[in-house]
Amino acid sequence: MQFFLDTANLSEIRWAARGGLIDGITTNPTLLAKVAGDLDPRDVLKEICSVVEGPVSAEVVALSTEEMYAEGKELAKVADNVVVKIPMIEDGLPAVRRLAADGIRVNVTLCFGAIQCLLAAKAGATYVSPFLGRLDDIGHDGMDVIRETRVIFDNYGIETQILAASIRHPRHVVDAAMLGADVSTMPAEVLRKLLLHPLTDRGLDQFLNDWSKLQTRAKVGA
Ligand code: G3P
């Protein structure tokens with residue numbers, strides 16, 4: 001499974017990239033608005049694309065097919081690793097088709113059902129992004145979408161990648177991986193939690209403690 005960081009925050013991105021923890025980035029208008037301030041969001045995007053070698057998703061904010069296509073073409077010019085994010089709406093699918101025909105990778109976002117994922121894949125999406133946490137928030141099981149989409153894509157040999165999004169905790173990552181999602185995108189806070197286990201810390205303390213006792217005994221014996 002690939003790990004993407006779901007952020008536009010450059011210090012978080014640099015931290016994760018330095019540690020070799022991530023394969024790509026996803027952003028959305030909310031995340032870019034949070035960090036852009038007075039900066040041009042395109043400049044922020046360009047900087048992100050220079051820090052990370054893997055795919056960087058950037059979302060259009062237009063709503064008509066023509067405008068989404070045009071905006072997608074512009075976003076794709078920012079860097080070779082830009083993946084254009086298009087929302088899963090009726091007018092979005094023809095834009096996905098046209099961008100894909102131009103050789104531009106597309107991530108269809110805001111997917112909440114397996115059939116939406118299938119429609120996006122049929123339109124030529126490279127990635128489909130089911131939102132797990134937001135489904136869980138309204139009392140559904142977001143993981144059902146991953147499970148069903150995996151079966152459908154495998155039934156038909158569809159190569160579109162399932163990108164588990166709206167991840168809120170490490171268990172989401174484990175479950176999505178068990179169900180065969182290709183990618184999990186998560187905030188830095190969740191990525192940090194993936195590294196941690198209290199027994200790891202306790203075990204390391206004990207090893208180091210025992211080692212220093214041995215050193216002390218060796219010194220006393222000398
Ligand atoms: O980038 C899309 C998605 O991961 C958003 O997550 O936490 O805002 O539902 P969240």
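Refer to the structure presented above.
Source: prediction; values computed, not measured. (Residues numbered from 1 in each chain as written. Predicted model: local features only at pLDDT ≥ 70, side-chain atom pairs only at ≥ 80, totals over all residues. Heavy atoms only, no water.)

Time to look at the pairing of strand β8 (residues 183–186). Along any regular strand the residues' side chains alternate between the sheet's two faces. Side chains of β8 alternate between two faces, with Val183 and Thr185 and Ser184 and Met186 buried alike. Pairing between strand β1 (residues 2–6) and β8: 4 bridges, direction parallel. Paired with Phe3 across the two strands is Ser184, which belongs to β8. Bridging between strand β7 (residues 161–164) and β8 involves 2 bridges; their strand directions are parallel. By the bridge assignment, Ala164 is partnered in β8 with Ser184. (Buried < 20%, exposed > 50% of the residue type's maximum accessible area, 1.4 Å probe, protein only. Helix = DSSP H or I, 4+ residues; strand = E, 2+ residues; numbered from the N terminus. Pairing = 2+ DSSP bridges.)

A word on the site of the ligand. In the vicinity of the ligand, the contacting residues are Asp6, Asn28, Lys85, Phe131, Arg134, Ala165, Ser166 and Arg168. Between the ligand and the protein, one listed contact pairs an oxygen atom with a side-chain N or O atom of Asn28 at 3.1 Å. For the ligand, an oxygen atom lies 2.9 Å from a polar atom in the side chain of Arg168. Protein burial of the ligand: of its 310 Å² of free accessible surface, 83% is covered by the chains. Among the residues forming the shell around the ligand, the class breakdown is 2 nonpolar, 2 polar and 4 charged. (Near = heavy atom within 4 Å. Polar contact = N/O pair within 3.5 Å; in protein donor to acceptor, adjacent residues only side chain to side chain. Areas by Shrake-Rupley, 256 points an atom, 1.4 Å probe, with all protein chains shown as cover. Nonpolar A, V, L, I, M, F, W, Y, C, P; charged D, E, K, R; others polar.)

The next thing to look at is the packing of aromatic side chains. Inspection of the entire model under this criterion finds 2 aromatic pairs. With centroids separated by 6.0 Å and ring planes inclined at 70°, the aromatic side chains of Phe4 and Tyr127 adopt a geometry described as edge-to-face. Linking Phe4 in strand β1 with Tyr127 in strand β6 (residues 127–130), this pair joins segments that are 123 residues apart in sequence. A ring pair is formed by Phe112 and Phe131, whose centres lie 5.5 Å apart and whose planes are at 65°; its orientation type is edge-to-face. Residue Phe112 is located in the loop between β5 (106–111) and α6 (114–122), and its partner Phe131 is located in the loop between β6 and α7 (132–137); the two are separated by 19 residues in the primary sequence. According to the relative accessible area criterion, Phe112 is partly exposed, its value standing at 32%. When the ring centre of Tyr69 is taken as origin, the NZ or CZ atom of Arg98, which lies over that ring, is 3.9 Å away. Over the ring of Trp15 we find Arg192; its NZ or CZ atom is 4.5 Å from the centre of that ring. (Phe/Tyr/Trp six-rings, centres within 6.5 Å; stacked < 30°, edge-to-face > 60°. Lys NZ or Arg CZ within 6 Å of the ring centre and 35° of its normal.)

Our focus in this paragraph is helix α10 (residues 188–195). What α10 keeps buried is the set Ala188, Val190 and Leu191. All buried residues of α10 fall inside an arc of 160° around its axis, so they share one side. Of the surrounding elements, those touching the buried residues of α10 are β1, α1 (10–18), α9 (170–178) and β8. (Arc of directions from axis to C-beta. Contact = heavy atoms within 4.5 Å.)

On to a nonpolar patch on the surface. A contiguous nonpolar surface patch, about 350 Å² in accessible area, is contributed by Leu204, Phe207 and Leu208. Relative to the elements of secondary structure, Leu208 occurs in helix α11 (residues 198–221). By relative accessible area, Leu208 is classed as exposed at 53%. (Patch = residues over 30% accessible without salt bridge, like charges linked within 9 Å, V, L, I, M, F, W, Y side chains within 5 Å. Salt bridge = Lys/Arg side-chain N within 4 Å of Asp/Glu carboxyl O.)

Just geometry here; none of it tells us what the structure is for.
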